[in-house]
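Spelled out from the first residue to the last, the chains are:
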Amino acid sequence: MTDEWTPGLVLHSPEGTRYHFDPGALCLELLTTGGPDAYARYEVLHRPEDLAQWLEKSRLRLPADAVAVSPGQLAAARRLRDALWRLAAARAHGRPGAAADHAVLNEAAAHPPLVPQIAPDGTPARPLPADGAQLVSTVARDAIALLTGPHADRVRECGAADCYLLFVDTSRPGRRRWCSMERCGNRHKVRALRARRDRTEE
């Protein structure tokens with residue numbers, strides 16, 4: 001690990017550009033792996049190893065081999081993710097979410113979570129022997145803390161018409177609009193500049 005590490009993920013737009021996305025919470029990072037309904041086309045959690053690889057990229061910063069994931073635990077992770085998509089999207093639009101999705105979170109959180117460890121150099125170390133159920137529980141507990149905590153009303157959906165990424169607005173004024181200034185924020189600025197230019201040329 002280096003001091004240059006910052007939380008968040010490197011994503012790729014449909015156009016192929018790379019950009020940094022920090023949703024502000026571990027549980028919202030899981031939403032970048034796919035989701036229910038229309039989001040199913042973005043599914044990347046096909047095999048247990050795929051969930052382990054996501055773990056390595058997540059803000060937990062654990063190596064892919066730190067957690068053993070079974071096919072059943074992978075299915076549980078996808079079930080949790082899909083419920084969380086619906087709950088976070090509902091919260092972003094001022095709705096409470098469905099009781100069935102809350103039940104999925106509670107069921108997942110009932111399992112023991114990952115046990116954090118620290119290395120001699122002060123960086124995160126791999127947890128004690130752990131499995132996918134503990135990883136799912138850790139994500140579920142993070143989701144419950146977010147949805148019941150002080151930032152529950154700061155869950156936002158990206159302001160771009162064609163982007164539905166969800167994030168926690170931790171900015172002091174609470175005015176974050178974009179999933180990433182590198183992508184959607186920049187696209188908005190370019191469109192606004194073109195619109196102003198077109199108006200002056202009329």
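Throughout, a residue's number is its position along its own chain's written sequence, starting from 1. With the structure being a predicted model, the display of local features is reserved for residues of pLDDT at least 70 and the display and counting of side-chain atom pairs for 80 or more, all residues being used for whole-chain, interface and lining totals. Values shown for side chains rest on all heavy atoms present in the structure; no hydrogens or waters enter the calculation.

Asker: Describe in detail the overall build of the protein chain, supporting the description with residues and values.
Answerer: A tally of helices and strands in the protein chain yields six helices and eight strands. Under the DSSP-based scheme used, a helix requires at least four consecutive residues in state H or I and a strand at least two consecutive residues in state E, with every element numbered from the N terminus. Taken from N to C terminus, the helices and strands of the protein chain fall in the order β-β-α-α-β-α-α-β-β-β-α-β-β-α. For each residue, the accessible area found with a 1.4 Å probe, counting protein chains only, is set against the maximum for its type, and the residue is called buried under 20%, exposed over 50%, and partly exposed in between. Going through the 202 residues of the protein chain one by one, you find that 41% of them count as buried. Residue contacts are defined here by distance: any two heavy atoms, one from each residue, within 4.5 Å place the two residues in contact. Contacts spanning at least 24 positions in sequence make up 55% of the contacts within the protein chain whose residues lie at least 6 apart.

Asker: Explain the packing of aromatic side chains residue by residue, including any values.
Answerer: Geometry of aromatic contacts follows a simple scheme: Phe, Tyr and Trp rings, the Trp one being its six-membered ring, pair when their centres are within 6.5 Å, and the pair is stacked under 30 degrees between planes, edge-to-face over 60, tilted otherwise. Counted under the stated rule, the structure contains two aromatic pairs. With a centroid separation of 4.2 Å and 10° between ring planes, the pair formed by Tyr-39 and Trp-85 is classed as stacked. You can see Tyr-39 sitting in the loop between helix H1 (26-29) and helix H2 (48-57) and its partner Trp-85 sitting in helix H3 (residues 71-92), a full 46 residues away along the chain. Of the residues examined, Tyr-39 reaches a relative accessible area of 23% and is grouped as partly exposed. Among the aromatic residues, those joined into a cluster by ring pairs are Tyr-39, Trp-85 and Tyr-164.

Asker: I'd like a rundown of H3, residues and numbers included.
Answerer: One fewer than the residue count of a helix, multiplied by 1.5 Å, yields its expected span. Counted at 1.5 Å a residue, the expected span for H3 with its 22 residues is 32 Å, and the 31 Å between its end C-alpha atoms agrees. Gly-94 sits one or two residues past H3 and shows a positive phi near 80°.

Asker: Any chance you could break down the packing of H3 against helix H4 (residues 99-109) for me, citing the residues and the numbers?
Answerer: A pair of packed helices is captured by two measures, namely the crossing angle of their axes and the spacing between those axes. Running from N to C, H3 and H4 cross one another at 135°; their axes reach a closest spacing of 9 Å. Accordingly, the angle class assigned to the pair H3 and H4 is oblique. Considering how the two elements wind past one another, H3 and H4 form a crossing that is left-handed. The residues of H4 that touch H3, namely those facing Arg-79, Leu-80, Ala-83, Leu-84, Arg-86 and Leu-87, are Asp-101, His-102, Val-104, Leu-105 and Ala-108. Here an axis means a line fitted to C-alpha atoms, over the contact stretch when the element is a helix, while the angle between two N-to-C directions is reported on a 0 to 180 degree scale. Roughly parallel covers angles under 35 degrees, roughly antiparallel covers those over 145, roughly perpendicular covers 65 to 115, and oblique covers all other angles. By definition, any crossing whose near helix is turned counterclockwise from its far helix by less than a right angle is left-handed, and any crossing with a clockwise turn is right-handed.

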